[in-house]
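Examining the three-dimensional arrangement
Okay, here's what each chain looks like letter by letter:
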Amino acid sequence: MPDSQPSTGEEGTTTTVITATTHLTLPAHPIPLTYDELNPRSKPEEFFGPIGTFGITLLAPLFTYIFFYTCNDAVGCTPTTVSGWKYAWSLVGNFPSSAGYLWEWKAFAVYLGWYAYCIVCWKLLPGDVIKGNLLRDGTRKNYKMNGLYTLILTLGLSVGILLNPGGIELFTWLYDHWVPLVSSSLAMATFQALWIYGYSYYNGELLALGGNSGNFIYDFFMGRPLNPHPPLFPSFDIKTFNEVRPGMILWLLLNISCACEQYLRLGTITDSMWVVLIFEGWYTVDCLIQEHTILNQMDITTDGFGFMLSMGDLTWVPFTYGLQARFLAFNPVHMGPIYTSIVVAITLVGNYIFRQANNEKGNFRAGKNPKNLEYMTTERGTKLLTSGWWGRSRHPNYFGDWLMALGWCLPTGFSTPLTYYYIVYFVILLVHRQIRDDEACRHKYGKDWDKYCEKVPYKIIPYIYASHSICDDRSIWVRASEVWMIGVEGMMRSENLSVHRS
Ligand code: NDP
C-alpha cells in the first residue's frame, strides 16, 4: 500500500510523498502506458536462446516417451546392452499392449473428458475468489481457488470406483493406456501453446517480459501472454488452472492406477509403493491446500504461458513424476522396516524443512511473526528474514524439496538409475530457479540484497556452498524492474497530479 503523506510546499501547494512497498494496492493505471511501453521487446537469452528452447521443445516430450519405452515390463528398466536398446526401439509404435500405442482416439477422448471435468469443477464447485498481485498495467486479476474441492471430489469418485466390483481393474485403464495418454496431453499442450501464441497478437493482452522477442521458436516456448484466457471467458485463467489441476491431480490418479496394477499382479501392495503413493500424494494435497500461494510464484508473476508451462504442467508433471510408481507396478521392491524407516525419515525431514520455511516466509509476508524471528528492513520498504530457516540459507525451501524428491526415488531401489531422473532434474531445475530468483532479488533490493547475502551466504543447503556475489548481467529481471518502475512512476505522477488538482 503506498503511504501518502500530504505536506505544504514552499508556495503553499500540496505535495504528496509516496513510498512504494512491495505489495502495492493501487487503482487501475490512470494514465495508461502505450502497448509498446508496457510490452517492450525481450532479448531471447533464457535457456540459451532460440537454439536452447528449440532443443528443450523437442527433447522434453521425447524424454517422456523414452522413459516409457526404455522402462516397461517388456524390456525391463533400463536396457544395458546394444541389443536391449535395439529391442526397446523396435517397440516404438509396435508395443504388445495398448500401454505403448503412440496414439489412440479413445484415450484422446478420455483425456479431453478429464480436462473438461476439471473445467466444470472449477466453474461449479465453490471457492474463494482471491485477488492476484498488482500487474504492471496497474490492474489485478481475480482467481477462483477451488482446486482442493476438485481434488476431494475426484478422490471421492475414485474411492467409489475402487470399492465397486471390478473397480480396481477399471482403474488400471490409465496404466494400460500410458503412451496414448502422454500423446493426448501433448496434443493438448501443443494446441494451447500455439493457439495462445497466435491469439496474443490480436487481443492486445499484457505480455510476459521474457516472451516477446519476436522470435517464434523462443516466444512459443517461453510464452508471449502473461495471463491468457479464452475469448469471452476473462475469469478463466489458463495458466493458474493448468498449474495445479489437470496435471497435478492426474499424477495422483496415475499413481493410484499403478498401485492397482501392482495389486492385480501381486495380490498385495508393497511397502515401497505405499511410500511413493502416500508421499507423492501428500505433495499434491499440500499443494492444493496452499493453492493461493502459487500466485506469488515466478511461473505466475513473471513467466508467460507457452509450451514450457503447457507441456510442463500437462505432460511432464503427471507422466514423468509418475515414473517411480509405474516402475514399481511391474518391478516390485520390498524395502523392509529398516530401509523404509530411513526413506520415511528423509522424506519427513524434507517435508518439515519445506513446510517450516514456506510457513515462516508466508506468515512474515502476511505481517505475522509468531516465532519472533530477526529481520532486516530494506530501503525498498520490504523486510527480509535473517534468522530461522531464512537465516540458514537463501532458499531453505528448495533444500526441503530436494530431500522429499530423494525420498520419492529411493523406494525404487538401486537396480536402475532411470528412476532417479527426478532428483537429477529437480536439482537442475531449482539451481536454475535459485539463480533467477537471486538475480531478481538483487535488482529488487539493490545493496540491501548484498547485505542480506553477507548475513546469509549459503545458497540452498544450509552451511554448504556460500556465495556473496551473484550474476549481475542484464537480463529480463533488469527490464522487469525498469518497466515496473515506469508503471509505478506513472501511477505516482498521476496520483501527485490529482492531489495537486484538489
Ligand atoms: P520462494 O518461495 O523461495 O520465494 C522467493 C521469494 O521470497 C523472493 O523473490 C523474495 O520475494 C522472497 N524472499 C527471499 N528471501 C527472503 C527472506 N529472507 N525473507 C522474506 N522473503 C524472502 O520461491 P519459488 O516461488 O521459486 O518457490 C516456491 C515453492 O515452490 C518452493 O518451496 C519450491 O521448492 C517449490 N517449487 C516446486 C516445484 C516443483 O516442480 N515441484 C517447481 C518450483 C518450485 P519478495 O521479497 O518480493 O517477497
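Under an unreviewed UniProt entry, the name given to the protein chain is Delta(14)-sterol reductase ERG24, and the source organism is Kwoniella europaea PYCC6329. Note on the protein chain: under the UniProt heading Pathway (unreviewed entry), the record states "Steroid biosynthesis; zymosterol biosynthesis; zymosterol from lanosterol: step 2/6." We quote the UniProt Catalytic activity (unreviewed entry) comment for the protein chain here in full: "4,4-dimethyl-5alpha-cholesta-8,24-dien-3beta-ol + NADP(+) = 4,4-dimethyl-5alpha-cholesta-8,14,24-trien-3beta-ol + NADPH + H(+)".

1. Focus on the overall build of the protein chain
Along the backbone of the protein chain there are 20 helices and 8 strands. Going through the 502 residues of the protein chain one by one, you find that 53% of them count as buried. Sequence separation of 24 or more characterises 75% of the internal contacts of the protein chain that already satisfy a separation of 6 or more. On the protein chain, roughly 22,800 Å² of surface is accessible, and the fraction owed to carbon and sulfur atoms is 65%.

2. Some details on the pattern of salt bridges
If you walk through the whole model with that rule in mind, you get 12 salt bridges. With a closest N to O distance of 3.1 Å, Asp 237 and Lys 141 form a salt bridge. One end of the pair, Asp 237, is in the loop between α9 (216-222) and α10 (238-244); the other, Lys 141, is in the loop between β5 (128-131) and β6 (142-145), with 96 residues separating them in the sequence. Comparing Asp 237 with Lys 141 shows no difference in burial state: the two are buried. A salt bridge links Glu 360 to Lys 371; its shortest N-O distance comes to 2.8 Å. Taken as a pair, Glu 360 in helix α16 (residues 336-365) and Lys 371 in the loop between α16 and β7 (375-377) lie far apart in primary sequence, 11 residues in all. Here Glu 360 falls in the buried class, since its relative accessible area comes to 8%. Classification of Lys 371 as partly exposed rests on a relative accessible area of 45%. A single salt-bridge network, built from bridges that share partners, covers Glu 46, Asp 303 and Arg 436.

3. Structural notes on helix α14 (residues 307-321)
Look at α14: only 18 Å from first C-alpha to last across 15 residues, short of the 21 Å you get at 1.5 Å a residue. Along its length, α14 shows its largest kink, about 40°, at Asp 313. Most of α14 sits out of view: 15 of its 15 residues are buried.

4. Some words on the UniProt feature "transmembrane region" (unreviewed entry) in the protein chain
Annotation from UniProt places "transmembrane region" (unreviewed entry) at residues 47-68, 146-166, 178-197, 336-354 and 402-428. Spanning residues 178-197, this segment combines 100% helix with 0% strand, and its end C-alpha atoms are found 28 Å apart. Overall, residues 336-354 shows 100% helix and 0% strand. The separation of its end C-alpha atoms is 27 Å.

5. A look at the state of the cysteines
Summed over the entire model, instances satisfying the criterion amount to 1 disulfide. Among the cysteines around Cys 121, which has no disulfide bond, Cys 118 carries the closest sulfur, lying 6.4 Å off. Cysteine Cys 453 is unpaired, with the sulfur of Cys 441 as its nearest cysteine sulfur at 8.6 Å.

6. Examining empty space enclosed by the protein
For the structure on display, the rule yields 3 cavities of 30 Å³ or more. Its boundaries defined by the atoms lining it, the largest cavity holds a volume of some 100 Å³. Every element with two or more residues in the lining of the largest cavity is listed here: β6 and α10. Top element by residues in the lining of the largest cavity is β6. It accounts for 4 residues. Considering only residue class, the lining of the largest cavity consists of 6 nonpolar, 3 polar and 4 charged.

7. Considerations on the side chain of Asn 242
Relative to the elements of secondary structure, Asn 242 occurs in helix α10. Setting aside its immediate chain neighbours within four residues, Asn 242 contacts Tyr 115, Gln 192, Gly 247, Phe 305, Asp 313 and Leu 314.

8. Things to note about the nonpolar core
If you look at the biggest cluster of nonpolar residues, it comprises 112 residues, and the most contacted ones within it are Tyr 111, Tyr 283 and Tyr 422. Take this core: its biggest share by element is 11 residues, from helix α11 (residues 248-266). Ignoring sequence-local partners within four residues, the contact set of Tyr 422 consists of Tyr 321, Gln 324, Ala 405, Trp 408 and Cys 409. In this structure, Leu 33, Leu 135, Leu 206 and Leu 226 belong to the second largest nonpolar core, which totals 6 residues.

Basis of the calculations
- Residues numbered from 1 in each chain as written.
- Predicted model: local features only at pLDDT ≥ 70, side-chain atom pairs only at ≥ 80, totals over all residues.
- Heavy atoms only, no water.
- UniProt positions renumbered as here; feature names shortened; annotations may be inferred.
- Helix = DSSP H or I, 4+ residues; strand = E, 2+ residues; numbered from the N terminus.
- Buried < 20%, exposed > 50% of the residue type's maximum accessible area, 1.4 Å probe, protein only.
- Contact = heavy atoms within 4.5 Å.
- Areas by Shrake-Rupley, 256 points an atom, 1.4 Å probe, with all protein chains shown as cover.
- Salt bridge = Lys/Arg side-chain N within 4 Å of Asp/Glu carboxyl O.
- Expected span 1.5 Å × (residues − 1).
- Bend = angle between axes of the 7 residues up to and from the residue.
- Disulfide = S-S within 2.5 Å.
- 1 Å grid on protein atoms, 1.4 Å probe; cavity = no way out; pocket = protein on both sides within 12 Å on 5 of 7 lines; lining within 4 Å.
- Points joined across faces, edges and corners; volume = space filled by probe spheres on them.
- Nonpolar A, V, L, I, M, F, W, Y, C, P; charged D, E, K, R; others polar.
- Core = buried A, V, L, I, M, F, W, Y, C linked by side-chain atoms within 4.5 Å.

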